[in-house]
Amino acid sequence: MLPGDPSQAISLQRRIRDGDLVIVYERHDNMKAVKVNEGGVLQNRFGVFKHSDWIGKPFGSKVFSHKKGFIYLLAPTPELWTLVLSHRTQILYLADISFVIMYMEIVPGCVVLECGTGSGSLTTSLARAVAPSGHVYTFDFHEQRAAYAREDFELTQLSSLVTVGVADIQGDGFPAKFLGTADSVFLDLPQPWLAIPSAGKMLKPDGILCSFSPCIEQVQHSCETLKSKFTDIRTFEVLLRTYEVKEARTEASCGDDGGFLRPLPCKRRPQSAGDHDADEVSSDSAVVVAKPAAEARGHTGYLTFARHQCL
Amino acid sequence: MHFVKWRRVTWEGCSVLLDINDGDRLVFARLSPASTLKIGKKNCSLKPLIGCPFGSLFKVENGKDGLFLLRIFHTEESNNIEEEEDGISEDVSKDNREIVDNNTAQRLTDQDIHAMQRQGATGDEIVEALITHSATFEKKTSFSQAKYRLRKQKKYAPKVLLRRPFARSICEAYFKKYPSRIGFLRLDALSLLLTMANVTAYSDILVVDMVGGLLTGAVAERLGGTGYVCNAYSGATPYPMDIARIFNFSNEICERIVRCCLTDLCPVLNGTCELVNQSKDACNSKTEQKEKLSSCESVSMEQDIVAEDGVPEVIAEKAAPLALKPSKSAKAGEGASDNLINLWKERGFSSLLIAAPELDAWSILQKLLPLLSYSAPFAIYHQYLQPLATCMHHLQIEKLAVGLQISEPWLREYQVLPSRTHPCMQMSAFGGYILSGTRTCTYDAHSH
Ligand SMILES: C[S@@+](CC[C@H](N)C(=O)[O-])C[C@H]1O[C@@H](n2cnc3c(N)ncnc32)[C@H](O)[C@@H]1O
């Protein structure tokens, strides 16, 4: 998923090969990770797709099934991975992930500790941020989750950047060998305050801790604990609002309510990037309009950041 | 391969962000034995900051040779500071009914304070004296007392916090003090841009940065001396990127920041070959000119970006001008070599980022999209929704991209204190819009 050297970066010459991980894109809300396998097939509501048809095509290609249904084959990225991974726990999404990486000042070469690993959604983005020379040590006390996460990091080829450990961090703290080594520590735990004293010991002076908690009581408790050894304690909530874009026709009204907007007839209106009609032509009276999507995530969690005191 | 190391201790010639009195003033400066910081009407040497870890805290002290900076340690109380009056008081034994606001409450005069200062009293001693001589201090609630103390401390014993200039601190500082210089690009929007465009080591990122170099710098920080950030511009003059020079980039990173004019990247735009070559020469000489200009203007990056009590106060830190002693970061932003340009034309860029409030999103994307590799992600920031909506519509109709989405980030900070937790009273109501998506392979779709 991440280039290990310049030749591995995505390019116009890169072709899909046997063994590659591809993201099969049906619609923006329907994607799936598939490992390409010479003899393999993918079956979905659009028909049967032969992997052998994919090999040799560039990433980003549209490929067809036996019934002329189509999908797109995309190169995997941490953002796409977050949308397709198997949910073994609650996971972090784009808005929180991007803010966490920025606010924790994670740059190439950083050493980051994380607990818990969960489904590895955040871990994948942490790995991208520390690459090529840093490392992410992620812990979960759930043996099976840790094992699944390791398998995922094999599949996404992040194993050289990520080490998954099994440990009860709330109970026992982070392993002593990480004392004073971490540039940043991220916690997504039910009782983060239990892990904060240990996290402090792992951090370099001025290193940054972030704790993600869905409930304000958890935040309150964590902040109390942070006060003794941390500075710059700040809590944020980050959300995203998405917009729907449509082409609508304006009609000059003869009535007294002025002009009004009417969406184009349903069958000609694009539903998503993948399945609209190409023969749609904007007429002179058509305008592009946008409005916020009616539904959105209203809450994910609070992000509390703090810096380890500089002595 | 040699990897970049991020130093945690300052050095001579290093660029720093000075946070004075909890963000009241934010000053970018370059450390040298001669550089100074203006506090009130006096100058204070920045020399004691050299060799200190980032994150160190200093107090401005009064010495016989004037002001000096003394390193101090954080106290737990500083974590209990409340934002502006939230009207909720925990201290029920007292309220403010007896407090009458007139100017007679303080018995210590300005002359008294000056006399104390001449006799070598420390800032903290003056604060204590002010408290002792305040007629109303005892009657105040404990929160008002803490606030009074803090206010006097800020005035008579200011604190200076030494910060690393990272994309985060630079963006926050500009957004707080001079948002228009960075196109009102809020930190959460910048974070999203970098994430949505999959900025990662060993990739070649095409950037249109009309936000002062903040985006270019933020991308270079994430590349860590691998790959390239290609800062593209249309017309003959590159866009300014002074902010990229505030980052403490090593040579390895600076070499990875290059500029290129659009006519060189997409020659079809501009008629004959000859014309293209001419315009390229013009570009290059312009670039050099601009380069010289910006190194002479070095003070601009060392300027205070200060707004105290709403009055912007711009002070040039006079010492250690970059022009005299070219800093390491002077090399960032050279013209891209023909080799690189050819390589990009052949391989395509790994992603595209646009933050160009002055350009039309669709017109610019139309030119740049073909320069991207298939399956490469892109993200465009704009303050207005309509240009992005139009752009998205075109992309849909022409089937140039998938995963198209317009997102508006929302960010709210909280005050967390025992029994007094609530969202902050002030928030930024608007962080712009981002159009993101992934380029599809058009060539294959047609050939089928
Ligand atoms: C919500 S999930 C983390 C999700 C993750 N941030 C992601 O984006 O995929 C929380 C994880 O913490 C683990 N956990 C809970 N208590 C723990 C403890 N005391 N020590 C280690 N891991 C723990 C759980 O097993 C669970 O997998």
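Residues numbered from 1 in each chain as written. Chains lettered and ligands numbered in written order. Predicted model: local features only at pLDDT ≥ 70, side-chain atom pairs only at ≥ 80, totals over all residues. Heavy atoms only, no water.

For chain B, the name recorded in an unreviewed UniProt entry is tRNA (adenine(58)-N(1))-methyltransferase non-catalytic subunit TRM6, with Nepenthes gracilis as its organism. Per UniProt, chain B carries the Subunit (unreviewed entry) text "Heterotetramer." UniProt annotates chain B under Sequence similarities (unreviewed entry) with the comment "Belongs to the TRM6/GCD10 family." (UniProt positions renumbered as here; feature names shortened; annotations may be inferred.)

Going by the annotation in an unreviewed UniProt entry, the name recorded for chain A is tRNA (adenine(58)-N(1))-methyltransferase, with Nepenthes gracilis given as the source organism. Under Subcellular location (unreviewed entry), UniProt gives the following word-for-word description of chain A: "Nucleus". Per UniProt, chain A has the following entry under Sequence similarities (unreviewed entry): "Belongs to the class I-like SAM-binding methyltransferase superfamily. TRM61 family."

## Some points on the interface of chain B and chain A
Across the contact, 82 residues belong to chain B and 81 residues belong to chain A. Roughly 7500 Å² of surface becomes buried between chain B and chain A when both sides are summed, with 59% attributable to carbon and sulfur atoms. Sorting the residues of chain B by area buried against chain A places Arg168(B), Tyr202(B) and Arg347(B) first, and these three jointly supply 10% of that buried surface. Scanning the region where chain B abuts chain A turns up eight salt bridges. Of the charged contacts in the structure, one is a salt bridge between Arg8(B) and Asp183(A), with a shortest N-O distance of 2.6 Å. Where chain B packs against chain A, one counts 26 residue pairs in polar contact (both at pLDDT 80 or more). Considering each element in turn, the side of chain B that touches chain A owes the most residues, 13 residues, to strand β16 (residues 401–415) of chain B. Looking at the side of chain B that touches chain A residue by residue, the class counts come to 36 nonpolar, 27 polar and 19 charged. (Contact = heavy atoms within 4.5 Å. Buried area = accessible area lost by both parts, 1.4 Å probe. Salt bridge = Lys/Arg side-chain N within 4 Å of Asp/Glu carboxyl O. Polar contact = N/O pair within 3.5 Å; in protein donor to acceptor, adjacent residues only side chain to side chain. Helix = DSSP H or I, 4+ residues; strand = E, 2+ residues; numbered from the N terminus. Nonpolar A, V, L, I, M, F, W, Y, C, P; charged D, E, K, R; others polar.)

## A word on the sheet that holds strand β2 (residues 30–35) of chain A
Residues and elements named next belong to chain A. If you trace the four strands from one edge of the open sheet to the other, you get β2-β1-β6-β5, paired in antiparallel fashion. Taken across any chain shown, the strands that pair with only one partner, and hence form the sheet edges, are β2 and β5 (61–64). Going across the sheet, the axis of each strand differs from the next one's by a mean of 35 degrees, ignoring polarity. (Pairing = 2+ DSSP bridges. Axes fitted to C-alpha atoms, helices over the stretch in contact; angles between N-to-C directions.)

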